[in-house]
Amino acid sequence: MRITTGAPVPPGSDAVVQVEDTELVESADEGKTEVKVKILSTPKVAQDLRPIGFDISSGELVLSKGEVLGPAELGLLATVSVTQVSVFKKPKVAILSTGNEIVQPTESPKAGQIRDSNKTTLTAAVKKEGFDVIDLGIAQDNPESLEATLTKGLTEADVVISSGGVSMSEKVQVFNYTTGSPI
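In this report, the structure presented in the accompanying data block is examined.

Calculation rules
- Residues numbered from 1 in each chain as written.
- Predicted model: local features only at pLDDT ≥ 70, side-chain atom pairs only at ≥ 80, totals over all residues.
- Heavy atoms only, no water.
- Helix = DSSP H or I, 4+ residues; strand = E, 2+ residues; numbered from the N terminus.
- Buried < 20%, exposed > 50% of the residue type's maximum accessible area, 1.4 Å probe, protein only.
- Contact = heavy atoms within 4.5 Å.
- 1 Å grid on protein atoms, 1.4 Å probe; cavity = no way out; pocket = protein on both sides within 12 Å on 5 of 7 lines; lining within 4 Å.
- Points joined across faces, edges and corners; volume = space filled by probe spheres on them.
- Nonpolar A, V, L, I, M, F, W, Y, C, P; charged D, E, K, R; others polar.
- Core = buried A, V, L, I, M, F, W, Y, C linked by side-chain atoms within 4.5 Å.

Right, let's talk about the overall build of the protein chain for a bit. Counting secondary structure elements, the protein chain contains 3 helices and 7 strands. Listing every helix and strand of the protein chain by position from the N terminus yields β-β-α-β-β-β-α-β-α-β. For the protein chain, buried positions account for 16% of its 183 residues. For the protein chain, the share of sequence-separated contacts (at least 6 apart) that also reach a separation of at least 24 residues comes to 51%.

In structure tokens form, the structure reads like this:
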């Protein structure tokens, strides 16, 4: 008797032979009904039979909190009749560098400037964890630039990471290390 995958077998059946291990010998109704089938392999008792629910035990944990739901996970939830779950969308992360001394990695720094390596590192780390990144550029050390860039970041992203110097003021006293005197 032909049965489909996952279907119950007739009472008294003790094995299933996969269709790949059979050969159609005779059919009727223009090939719609199989009359004779040759079994090409010797079946063993319990071959390809599975008890109902053998793959997942009652009360078994099938997914854990925090797992990403892809096609396989959604299919698994459907298998156990879970049709609603609480989910969180993956946050977008904006990265902002600050400082008048910061320049893009493609630029040649002038005296007192440094290339923005922090953003490259932070972007790679955030992307490695699977998050989308928005590059907010480099904000200058003035309230207007910082406010405009942060506002843009908070509008476009769920999280803003900023990197830059935090100091008391622009006034810096430079000393000669050897002599200890101001330069």
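Another point: the environment of L96. One can find L96 in strand β3 (residues 92-98). Separated by 66 residues in the primary sequence, L96 and S162 have C-alpha atoms spaced 4.6 Å apart. Dropping the residues within four chain positions of it, L96 is found in contact with L136, G137, A139, T149, L150, I161, S162 and S163.

Next up on the list: the layout of surface pockets. Considered as a void within the structure, the largest pocket measures approximately 990 Å³ in volume. As for the largest pocket, its lining consists of 30 residues, of which I3, T4, V9, V16 and V17 are closest to the centre. Where the lining of the largest pocket is concerned, the elements lending two or more residues are β1 (22-28) and β2 (33-39). Class assignment for the residues of the lining of the largest pocket results in 18 nonpolar, 7 polar and 5 charged. Taken as a whole, the second largest pocket holds about 520 Å³ of empty space. G66, E67, S86, V87 and F88 are the residues nearest the centre of the second largest pocket, which is lined by 16 residues in total. Tallied by class, the residues present in the lining of the second largest pocket amount to 10 nonpolar, 3 polar and 3 charged.

A word on the nonpolar core. Ranked by size, the top nonpolar core spans 6 residues in total: A94, L96, I134, L136, A139 and A157. For this core, the element with the highest residue contribution is strand β6 (residues 132-139), accounting for 3 residues. Contact partners of A94, with chain neighbours within four places excluded, come to I134, L136, G153, A157, V159, V160 and I161.

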